[in-house]
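Descriptive analysis of the structure
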Amino acid sequence: MTLQQSLPGRKPPSGLPPPAVGAGRKDFSDVTRTLRRILYVLPLLLVTVLAVRQRSVLADGFVHLGTARWPWLLAAAGATCLTWVAAACTRQGAVLERLPARRLLATQFAAGAANHLLPTGLGASAVNLRFMTVCGLSLTRSSAALALYLLAESVGRVALLGVLLVVFPDVLRPGSLLPEGASGPLLLALGTVLVVAVAVLALVRRVRTAVVSFLRTALGEARSVHTRPSRALALWGGALAFPALQAAALILVGRALGLSVPIAHMAVAYLAATVAVALVPTPGGLGSVEAALVVALVAVGGAAAVATAVVLAFRVVTVWLPLLPGALTLGALVRLKVI
């Protein structure tokens, strides 16, 4: 070893320049910036692809809108806008911390678009999970709040349907929304999924530990939220208002197109159809929702042709018209680092 190599603090004469300070950080920043640019444009590309694939549905829907009574359609659009307010209330009710109200509302609007671009529930869940972590909640607590929201929304929807079926027991017979012979395979599939889940929990210790830890956190969060009356009211009030407003939008579109079905029956049809298609993981329920809604409206007494027109117009008002501005909002929130 030479004297130059043995002295501390002296660099060996390798002839190579030392690495630039902060070069790795700059490279990571460039990658992050590029990724955000891609995420900014991606929702618009997905909207374009989806519109091209569903162009016949869009065309038929706009044709039917042209024959509708506009005051009822404007009221349906208003009910649709209120669904984002209801979703924001439910999201706020699922956490103790106060979330920034305007950003929360904008996130729900963007999440609605994301929900129609990805399999049902995944888009909105990903957007809201990211929003809560940016607001300072840990990933575990954000996931627990997300699970509480999904539980409350599901309970609210099923509870409304149950109440209406108790009040109007003869409106919709059980199984009318499923094709003949589909009940058996569906129950078998659900049973298989349940058995596999139980087996994985029983046999894989790491999965069982993670699930138990998450459930402990989620139950703790749920207890904490329900100690605050304002949070509990926001959680359950929003969970009930959200499906009620969606059903109201369908009823108003039905009135706009002259569907001769009682209001309560249309509400039952909507709630039953959306509960049925919750098991079908298509983007925003596209395709499955339309089919189930038509079947449900016919089952409660609507004419098939008018029911089809109502469903197509309803999906244009509640899905397609907000989709482009929702995608633009999603891209803007990504660019502003809100999500």
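Residues numbered from 1 in each chain as written. Predicted model: local features only at pLDDT ≥ 70, side-chain atom pairs only at ≥ 80, totals over all residues. Heavy atoms only, no water.

With that settled, the discussion passes to the overall build of the protein chain. Within the protein chain one finds 13 helices and zero strands. The linear arrangement of helices and strands in the protein chain, starting from the amino end, is α-α-α-α-α-α-α-α-α-α-α-α-α. Looking at the protein chain as a whole, 40% of its 339 residues qualify as buried. About 18,600 Å² of surface is accessible on the protein chain, with carbon and sulfur atoms providing 71% of the total. (Helix = DSSP H or I, 4+ residues; strand = E, 2+ residues; numbered from the N terminus. Buried < 20%, exposed > 50% of the residue type's maximum accessible area, 1.4 Å probe, protein only. Areas by Shrake-Rupley, 256 points an atom, 1.4 Å probe, with all protein chains shown as cover.)

Further remarks concern unusual backbone geometry. At K337, a position not held by glycine, the phi torsion is positive, near 65°. By secondary structure assignment, the location of K337 is in the segment after helix 13 (304-335).

One pass over the full model with this rule turns up two aromatic pairs. Pairing Y270 with F314 gives two aromatic rings, centres 6.0 Å apart and planes at 75°, and the pair type is edge-to-face. Taken together, the positions of Y270 in helix 11 (residues 263-277) and F314 in helix 13 put the pair 44 residues apart, joining distant regions of the chain. Residue class for F314 comes out buried when judged on its relative accessible area of 3%. A cation over a ring is seen here: R91 above Y149, with NZ or CZ 3.5 Å from the ring centre. (Phe/Tyr/Trp six-rings, centres within 6.5 Å; stacked < 30°, edge-to-face > 60°. Lys NZ or Arg CZ within 6 Å of the ring centre and 35° of its normal.)

This brings us to the nonpolar core. By size, the foremost hydrophobic cluster in this structure holds 48 residues, and its most contacted members are V253, L293 and L297. Those elements that provide at least two residues to this core are helix 4 (70-93), helix 5 (101-117), helix 7 (139-167), helix 10 (229-256), helix 11, helix 12 (288-299) and helix 13. Of all the elements, helix 13 adds the most residues to this core, at eleven residues. Judged by nonpolar contacts, the second largest core, of 26 residues, contains A88, A94, M132 and L148. (Core = buried A, V, L, I, M, F, W, Y, C linked by side-chain atoms within 4.5 Å.)

So, on to the confidence of the model for the protein chain. The pLDDT averaged across the protein chain works out to 80; a share of 73% of its residues lies at or above 70. Per-element confidence in the protein chain is highest for helix 10, whose mean pLDDT is 95, and lowest for helix 1 (residues 3-6), whose mean pLDDT is 48. When the criterion is pLDDT under 50, residues 3-7 qualifies, and its contacts beyond four places in sequence or with other chains add up to three contacts. (pLDDT = per-residue confidence, 0-100. Contact = heavy atoms within 4.5 Å.)

Here we take up the environment of S224. Considering the arrangement of structural elements, one finds S224 in helix 9 (residues 205-226). Classification of S224 by relative accessible area gives partly exposed; the value is 27%. On a C-alpha basis, the gap between S224 and L96 in space is 7.3 Å, while along the polypeptide they are 128 residues apart. Here the side chain of S224 touches G220 through a polar contact of 3.0 Å, landing on its backbone oxygen. (Polar contact = N/O pair within 3.5 Å; in protein donor to acceptor, adjacent residues only side chain to side chain.)

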